[in-house]
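# Descriptive structure summary
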Amino acid sequence: MRRRHLPRKRVLVFGVLTAVAALAGGLVSADRATRQAATAQLTATRLAIFQDKAPEAPTALQSRLDVLAAGYGEDVGIAVTDVTSGWTAGVGQDRLYPQQSVSKLWVAIALMRAVDEGRLDLNAWLTMDDADRSVFFQPVVAEYRQGSYVTPMSDLLRRALVESDNAANDRLMRELGGPEGVRAALDDMGLTNVKVGAYERDLQAQTAGLSWRHEYGFGRNFQNAREALPMATREAAADAYVAAPLDGASPAAITAALAALSRGALLSEESTLRITALMTAARTGPRRLKGGLPAGWSIAHKTGTGQDFQGASLGINDVGLLTAPDGRTYAVAVMLPRTRHSVTARLAFMQSVSRAVVEQWMRETGTTVAD
């Protein structure tokens, strides 16, 4: 067969067009990288300036939190940050505590940052199958038909924040390049003291003294493997997790990040509204921080609930934005790294922190709950 040769003029035109397209693609990539770097620098600068100007925390609130923490009788982490002025009161607020599903919030923020930058599309369709199974609470798996489920990325974001679905969250992390990709995004935003650490399934396996295996995503296979471990193995793993949590974050870093989110310093206005709306719709922890709020207050929050072992629960948390009737907002984090108290006592403690915030607002505004 004879080869056909394009006329010389057409070859030249084709070459020029190819070169122009390549140059344009390079300029778009370079422009996107420049915008990402500039945005990251601006965010870090905003955070640094705001934190440097923050006034001292109110003495009455700080004293109240000290009393509450002492009365609980266990190690606790508390931070309360005024979103407008930037002061922070707390107990153990600079220590790293296990986050558990609180870390889903950072995955969501990293995801929306990628959306803002045009790197991801919330309307893109994703396919989940048995390889995406995680552990514990993963209701998205019930949607599988013939072994898979096709859904928009926005659906998985809703499931991760509203329902705290572990499989949905792990799938979103994959879209971001795994834990390393999330970590890089958080670093770019200046959120250096909040960590994700690992996929949910890997984190839970390590906390129990296991290494993740595919079959653990089915039925009670994970629980059965955990129960078959020597008690010494499980105890050592639990102690190591609490002492140096792979998903560790300090309460003050969490409230600083929440405050920055609320002020619009992390994401676009549209993305900020989407995240906070999903946090407001959260179905978990209705009697944690939310349970201590009177009528007229609202909360956008994310809870974390870890595994139980030898009469203790590891990583019982609630963090969120508490908004008063006049619109004043406080970022709050309450973290219980290892608690042996009853569920009733834990809830009462978290609610007492919420009430302390309400009392502070009443002092600041000269109002009463009845007002």
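The structure this text deals with has already been given above.
I will try to describe carefully the structure that is included in this document. (Residues numbered from 1 in each chain as written. Predicted model: local features only at pLDDT ≥ 70, side-chain atom pairs only at ≥ 80, totals over all residues. Heavy atoms only, no water.)

## Remarks on the packing of helix α3 (residues 104–116) against helix α6 (residues 178–188)
Operational definition: In this analysis an axis means a line fitted to C-alpha atoms, helices contributing only their contacting stretch, and an angle means the value between N-to-C directions, from 0 to 180 degrees. Strands are runs of DSSP state E lasting at least 2 residues, helices are runs of H or I lasting at least 4, and numbering of each runs from the N terminus. The scheme is simple: roughly parallel for angles under 35 degrees, roughly antiparallel for over 145, roughly perpendicular for 65 to 115, oblique for anything else. Between two residues, a contact is recorded if the distance between any of their heavy atoms is within 4.5 Å. In this count, Pro and Cys sit with the nonpolar residues alongside Ala, Val, Leu, Ile, Met, Phe, Trp and Tyr, while Asp, Glu, Lys and Arg are called charged and the others, Gly among them, polar.
With their axes 9 Å apart at the nearest point, α3 and α6 run at an angle of 75 degrees to one another. Regarding the angle of α3 to α6, the classification is roughly perpendicular. Residues W106, V107 and A110 of α3 lie in contact with α6, whose contacting residues are V182, A185 and L186. Split into classes, the residues belonging to the contact of α3 with α6 amount to six nonpolar, no polar and no charged.

## A few points about the side chain of T276
Counted only if it meets this: Note on exposure labels: buried denotes an accessible area under 20% of the residue type's maximum, exposed denotes more than 50%, and partly exposed covers the range between, all computed with a 1.4 Å probe on protein chains only. Contacts described as polar in this section are N or O atom pairs within 3.5 Å, which, within protein, must combine one atom able to donate a hydrogen with one able to accept it, while residues neighboring in sequence count only if both atoms come from side chains.
By the secondary structure assignment, T276 is in helix α11 (residues 269–280). Judged by its relative accessible area of 18%, T276 falls in the buried class. For T276, the side chain forms a polar contact with the main-chain oxygen of L273, separated by 3.2 Å. Ignoring anything within four residues of it in the chain, the contact list for T276 reads L261, A300 and L321.

## A closer look at the nonpolar core
Stated precisely, the cut-off is as follows: In this description, a nonpolar core means a group of buried Ala, Val, Leu, Ile, Met, Phe, Trp, Tyr and Cys residues linked to one another through side-chain atoms lying within 4.5 Å.
Counting residues in each nonpolar core, the largest one holds 59 residues, and the members touching the most others are W106, L157, I254 and I275. Looking at this core, the element that brings in the most residues is α3, giving nine residues. Those residues in contact with I275 that sit more than four places away from it in its chain are L105, A108, I109, M112, L161, L261 and L267. By size, the runner-up hydrophobic cluster in this structure holds 29 residues, among which are V91, L289, L336 and V353.

## Quick notes on the packing of aromatic side chains
Keep this limit in mind: Each aromatic pair joins two rings of Phe, Tyr and Trp (for Trp, the six-membered one) with centres within 6.5 Å, and gets the label stacked for planes under 30 degrees apart, edge-to-face for over 60, and tilted for any other angle.
Following the criterion strictly, the structure yields seven aromatic pairs and no others. Aromatic pair W212 and Y216: ring centres 5.7 Å apart, planes at 80 degrees, arrangement edge-to-face. Given the relative accessible area of 9%, Y216 is considered buried. Ring plane angle 20 degrees and centroid distance 6.4 Å describe the contact between W297 and Y330, whose orientation is recorded as stacked.

## Concerning the environment of G291
Along the chain, G291 falls in the loop between α11 and β5 (298–305). Classification of G291 by relative accessible area gives partly exposed; the value is 36%. Not counting chain neighbours up to four residues away, the residues in contact with G291 comprise P286 and Q351.

## Side note on helix α5 (residues 166–175)
Judged by how many residues are buried, α5 sits mostly within the fold: eight of ten residues are covered. Those residues of α5 that fall on the buried side of the exposure criterion are N166, A167, A168, N169, D170, R171, L172 and M173. Here the buried face of α5 lies against α3, β3 (125–129), α4 (153–163), α6 and α7 (200–208). For α5, the N-terminal capping position is held by D165, with its side-chain oxygen 3.0 Å away from the main-chain nitrogen of A167. Count one or two residues on from α5 and you reach G177, which has phi positive near 90 degrees.

## A look at the pattern of salt bridges
Which entries qualify depends on this criterion: A carboxyl oxygen of Asp or Glu within 4 Å of a side-chain nitrogen of Lys or Arg is what we treat as a salt bridge.
Across all of its chains, the model carries 19 salt bridges by this definition. We note a salt bridge from E200 to K104, for which the minimum N-O separation is 3.6 Å. Placement of the pair is E200 in helix α7 and K104 in helix α3, with a sequence separation of 96 residues. One exposure class covers both E200 and K104, and it is buried. For D155, the salt bridge identified is with R158, shortest N-O distance 3.1 Å. With D155 and R158 both in helix α4, this residue pair falls three residues apart, about one helical turn.

## Observations concerning α7
Of all the nine residues making up α7, seven are buried; the element is thus mostly covered by neighbouring parts of the structure. Within α7, the full set of buried residues consists of E200, R201, L203, Q204, A205, T207 and A208. The secondary structure elements touched by the buried residues of α7 are α3, α5, α8 (221–227), α9 (231–243) and β7 (312–323). Just past α7, the residue G209 takes up positive phi, approximately 95 degrees.

## A few points about the environment of M362
By secondary structure assignment, the location of M362 is in helix α12 (residues 343–365). For M362 and A324, which are 38 residues apart along the polypeptide, the C-alpha to C-alpha distance reads 9.6 Å.

## Some remarks on the pairing of strand β8 (residues 329–339)
Threshold: A pair of strands is labelled paired if DSSP reports no fewer than 2 bridges between them.
Counted residue by residue, β8 has ten buried out of eleven residues, so it is predominantly covered. Here strand β1 (residues 77–82) runs beside β8; their pairing, made up of six bridges, is antiparallel. Along β8, the bridge assignment pairs A79 with A333. Sheet topology note: the β7/β8 ladder contains ten bridges and is antiparallel. In the strand pairing of β8, V319 is matched with A333.

## A look at the side chain of E74
The condition is simple: The sign given to each residue is positive for Lys and Arg and negative for Asp and Glu; His and the chain ends receive no count.
For E74, the position within the fold is in the loop between α2 (59–72) and β1. With no salt bridge to any partner, buried E74 finds its closest opposite charge in R340, at an N-O distance of 5.9 Å. Setting aside residues no more than four positions away along its own chain, E74 makes contact with A69, R338, T339, R340 and H341.

## Quick look at the environment of N123
The topology assignment puts N123 in the loop between α3 and β3. Classification of N123 as exposed rests on a relative accessible area of 57%. A sequence separation of 30 residues divides N123 from M153, and the C-alpha atoms of the two residues are 6.0 Å apart.

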